[in-house]
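Secondary and tertiary structure notes
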Amino acid sequence: MEPGLKSQTNIQPEDVGVDPMVPGTQPDPLDELSAEERAEWLKFTRRMPADWFPPETWPMLAQLCRHICQARWVGQCLQEVRAGLLDPTDDDALTTLMKLQSLHDREGRAMTAMMVRLRLTSQQRIPDADVAGRTREAVKETHVEVPPWASSGRAIGSVQ
């Protein structure tokens, strides 16, 4: 090796920001999550196989946990409205109610999108999710060109 050049094998980044994963272990909740969000993280990671959440999915899983907690909080606010704590005849109260419902709906859609992307819904875990397509193919294979009523010798609408 020439003088003044360092060996390329000894150069490593000081901090890559991600600890190496030990095979067969679940990822710990990210430090940035609240206690409630960490509990949601653990519900997902402890239930799924160890390799289900590689490091590149952690930001999305963290966001899913946030959406779940936010939806829960907005749902609790809506429960308070339903309990009569807001006057439904008050225009400001109705505006608040509509905003809460909109927020709750948005959080629900965001949760669903994240769960589908992370393959956490039961439909996503089915190896061949195109059940309808398989059913159509099976019907085509068993389709009979002659209608069943034609074999009796009587035509539809004929009078005997």
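Here's what I pulled together on the structure shown here. This one's a predicted model, so the numbers in the text were calculated from it and none came from an experiment.

Tallying secondary structure elements over the protein chain gives five helices and zero strands in all. Of all 160 residues assigned to the protein chain, the portion counted as buried reaches 22%. Nonlocal contacts in the protein chain, meaning residues at least 24 apart in sequence, comprise 59% of its contacts between residues at least 6 apart. Accessible surface, the protein chain as shown: approximately 12400 Å² in total, 55% of it carbon and sulfur.

Before going further, it helps to spend a moment on the pattern of salt bridges. In this structure the tally under the stated criterion is six salt bridges. Asp-31 is the partner of Arg-38 in a salt bridge, and the nearest nitrogen-oxygen pair spans 3.3 Å. Put simply, Glu-32 and Arg-66 hold a salt bridge, and the shortest N to O gap is 2.6 Å. Here Arg-66 lies in helix α2 (residues 58-82) and Glu-32 lies in the segment before α1 (35-47), a separation of 34 residues in the sequence. Here the salt bridges do not stand alone but share partners, grouping Glu-36, Glu-40, Lys-43 and Arg-72 into one network.

We now examine the state of the cysteines. Tallying each qualifying case throughout the model produces zero disulfides. In this structure Cys-69 is a free cysteine whose sulfur lies 6.9 Å from that of Cys-65, the closest cysteine sulfur available.

A word on the side chain of Glu-37. Positionally, Glu-37 belongs in helix α1. Of the side chains with opposite charge, Arg-66 comes closest to the buried, unpaired Glu-37, at an N-O distance of 4.4 Å. Ignoring anything within four residues of it in the chain, the contact list for Glu-37 reads Glu-32, Cys-65, Arg-66 and Cys-69.

Phi at Arg-119 takes a positive value of approximately 55 degrees, unusual for a residue other than glycine. Mapped onto the secondary structure, Arg-119 falls in the loop between α3 (91-117) and α4 (122-125).

So, on to the nonpolar core. Membership of the largest hydrophobic core comes to 17 residues, with the highest contact counts inside it found for Trp-41, Phe-44, Phe-53, Leu-61, Leu-64 and Leu-120. Elements represented by at least two residues in this core include exactly α1, α2 and α3. Take this core: its biggest share by element is seven residues, from α2. In terms of nonpolar packing, the next biggest core, distinct from the first, is built from five residues, Val-74, Cys-77, Leu-78 and Leu-100 among them.

This brings us to the packing of α1 against α2. Two elements in contact, α1 and α2, have axes separated by 9 Å at closest approach and are oriented at 120 degrees. Taken together, the axis directions place α1 and α2 in an arrangement best described as oblique. Crossing handedness for the pair α1 and α2: right-handed. Here Glu-36, Glu-37, Glu-40, Trp-41, Lys-43, Phe-44 and Thr-45 of α1 come into contact with α2, specifically with Trp-58, Leu-61, Ala-62, Leu-64, Cys-65, Arg-66, Ile-68, Cys-69 and Arg-72. Here the residues of the contact of α1 with α2 are counted per class, giving nine nonpolar, one polar and six charged.

With respect to the secondary-structure elements, Gln-26 resides in the segment before α1. Taking the C-alpha atoms as reference, Gln-26 lies 5.2 Å from Ala-50; in sequence the two are 24 residues apart. Those residues in contact with Gln-26 that sit more than four places away from it in its chain are Thr-45, Arg-46, Met-48, Pro-49 and Ala-50. A distance of 2.8 Å separates a polar side-chain atom of Gln-26 from the backbone oxygen of Met-48.

Thresholds applied
Note on numbering: residues in each chain are counted from 1, in written sequence order. This being a predicted model, a pLDDT of at least 70 is required before a residue's local features are given, and a value of 80 or more before pairs of side-chain atoms are given or counted; all residues contribute to the totals for chains, interfaces and linings. Side-chain measures here rest on the full set of heavy atoms in the structure, leaving out hydrogens and waters. For helices the rule is a DSSP run of H or I covering at least 4 residues; for strands it is a run of E covering at least 2, with both sets numbered from the N terminus onward. A simple rule labels every residue: compare its accessible area, found with a 1.4 Å probe on the protein chains alone, to the largest value its type can have, and call it buried under 20%, exposed over 50%, or partly exposed in between. Contacts between residues were defined by any pair of non-hydrogen atoms, one from each residue, lying within 4.5 Å. In these tables, accessible area is a Shrake-Rupley quantity obtained with a 1.4 Å probe, and a residue counts as shielded only by the protein chains included in the view. When a carboxyl oxygen of Asp or Glu lies within 4 Å of a side-chain nitrogen of Lys or Arg, that pair is called a salt bridge. A pair of sulfur atoms, both from cysteines and within 2.5 Å, is called a disulfide here. Charge assignment in this entry is limited to Lys and Arg as positive and Asp and Glu as negative, and neither His nor the chain termini are counted. We call a set of buried Ala, Val, Leu, Ile, Met, Phe, Trp, Tyr and Cys residues a nonpolar core when their side-chain atoms join them within 4.5 Å. Axis angles are defined between N-to-C directions and span 0 to 180 degrees, where every axis is a line fitted to C-alpha atoms and, for a helix, only to the segment in contact. To sort the angles, those under 35 degrees are grouped as roughly parallel, those over 145 as roughly antiparallel, those from 65 to 115 as roughly perpendicular, and the leftovers as oblique. Note on convention: the crossing is left-handed when the near helix lies turned anticlockwise from the far helix by less than a right angle, right-handed when the turn is clockwise. Residues were grouped as follows: Ala, Val, Leu, Ile, Met, Phe, Trp, Tyr, Cys and Pro as nonpolar; Asp, Glu, Lys and Arg as charged; and all remaining residues, including Gly, as polar. N or O atoms closer than or at 3.5 Å make up a polar contact, with two conditions inside protein: a donor-capable atom paired with an acceptor-capable one, and, for residues adjacent in sequence, both atoms drawn from side chains.

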